[in-house]
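# Descriptive analysis of the structure
The residues making up each chain are set out below.
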Amino acid sequence: MADWITEFMSHYGYAGIFIMMAVENLFPPIPSEVILPFSGFMTQAASLSIAGVVVVSTTGSLAGAVVLYGIGACLNMEKLESFVERHGHRLRIKREDVMRVEEWFQRYGIWAVLLGRMVPLVRSLISLPAGMANMKLSLFLLFTILGTLVWNTILILVGALMGDSWNEISRLLEVYSTITYVGLGIGGALLVIIMIHKKIQSA
């Protein structure tokens, strides 16, 4: 998949980066961990500017996030879980992933939208509970832009600095993603255990 992504971006430039970042929000298996460092490398190997790549990638991310926010506004948790159970395997999303993101949003509210933009998988899915909770659109846009801008700028700058070795940062980010997934899984399991323990004590 990485080869196809980089080839597409090399061919279409700014438009390719915009499209890939928009689709990355809608289709989590497409990783920004590949798109953004390679975009940074393209500023050294092609006639693209760092500022232009940052603006285009952030705009693309925002477009995808708004689409998911709109979908979330039309759904409830039961419908979303039902959809994921039927079609989630195609997106590499499990029902448990949706539940963890929902719990994270309920716990941290609007800050989850800001911080979630820097967390693998959560970055894509956090727009859904924001839409379902009817989070004020202006706040959603503000925190989405801020969180996305930070994440995109860092990875683009690193990709530009590393040049031909841009893919090394992608490998490191794969480790980061794996650690994050494990952490979310452990956190979700601990939350369930705590809730069960409280129910037992109150019984």
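The residue numbers shown here count from 1 along each chain, following its written sequence. In keeping with the model being predicted, local features are shown solely for residues with a pLDDT of at least 70 and side-chain atom pairs are shown and tallied solely at 80 or more, while totals for entire chains, interfaces and linings include all residues. As a rule here, side-chain values cover all heavy atoms of the structure and leave hydrogens and water aside.

### Looking at the packing of helix H3 (residues 50–73) against helix H9 (residues 137–162)
The condition is simple: Axis definition: a line fit to C-alpha positions, over the contact stretch in the case of helices; interaxial angles, taken between N-to-C directions, run 0 to 180 degrees. Strands are runs of DSSP state E lasting at least two residues, helices are runs of H or I lasting at least four, and both sets are numbered from the N terminus onward. Any angle that is under 35 degrees is reported as roughly parallel, and any over 145 degrees as roughly antiparallel; angles of 65 to 115 degrees are reported as roughly perpendicular and all others as oblique. Crossing handedness is defined as follows: a turn of the near helix away from the far one that is anticlockwise and smaller than a right angle gives a left-handed crossing, while the clockwise case is right-handed. Note on definitions: a residue-residue contact is assigned when non-hydrogen atoms from the two residues lie within 4.5 Å. All residues other than Ala, Val, Leu, Ile, Met, Phe, Trp, Tyr, Cys, Pro, Asp, Glu, Lys and Arg, Gly among them, are scored as polar; the first ten of these are nonpolar and the last four charged.
Two numbers describe how H3 lies on H9: the axes approach to 8 Å, and their chain directions differ by 140°. The angle between the axes of H3 and H9 places the two elements in the oblique class. As H3 runs across H9, the sense of the crossing is right-handed. Counting all contacts with H3, which are made through Ile50, Val53, Val54, Ser57, Thr58, Ser61, Leu62, Ala65, Val66 and Tyr69, the residues of H9 involved are Leu137, Phe140, Leu141, Thr144, Ile145, Thr148, Leu149, Asn152, Thr153, Ile156, Leu157 and Ala160. Each residue belonging to the contact of H3 with H9 can be placed in one class, and the counts come to 15 nonpolar, seven polar and no charged.

### Side note on the side chain of Thr148
Heads up, the rule is: Each residue is assigned to one of three classes by its accessible area relative to the maximum for its type, calculated with a 1.4 Å probe on protein chains only: buried under 20%, partly exposed between the two thresholds, exposed over 50%. Under this definition, polar contacts are N or O atom pairs within 3.5 Å; protein pairs additionally need one hydrogen-donor-capable and one acceptor-capable atom, and for neighbouring residues in sequence, both atoms have to be side-chain atoms.
As for its placement among the helices and strands, Thr148 is situated in helix H9. Judged by relative accessible area, which is 6%, Thr148 ranks as buried. Engagement of the side chain of Thr148 in a polar contact is seen with the backbone oxygen of Thr144, the distance being 2.7 Å. Residue contacts for Thr148: discarding those within four places in its chain leaves Thr58, Ser61 and Arg117.

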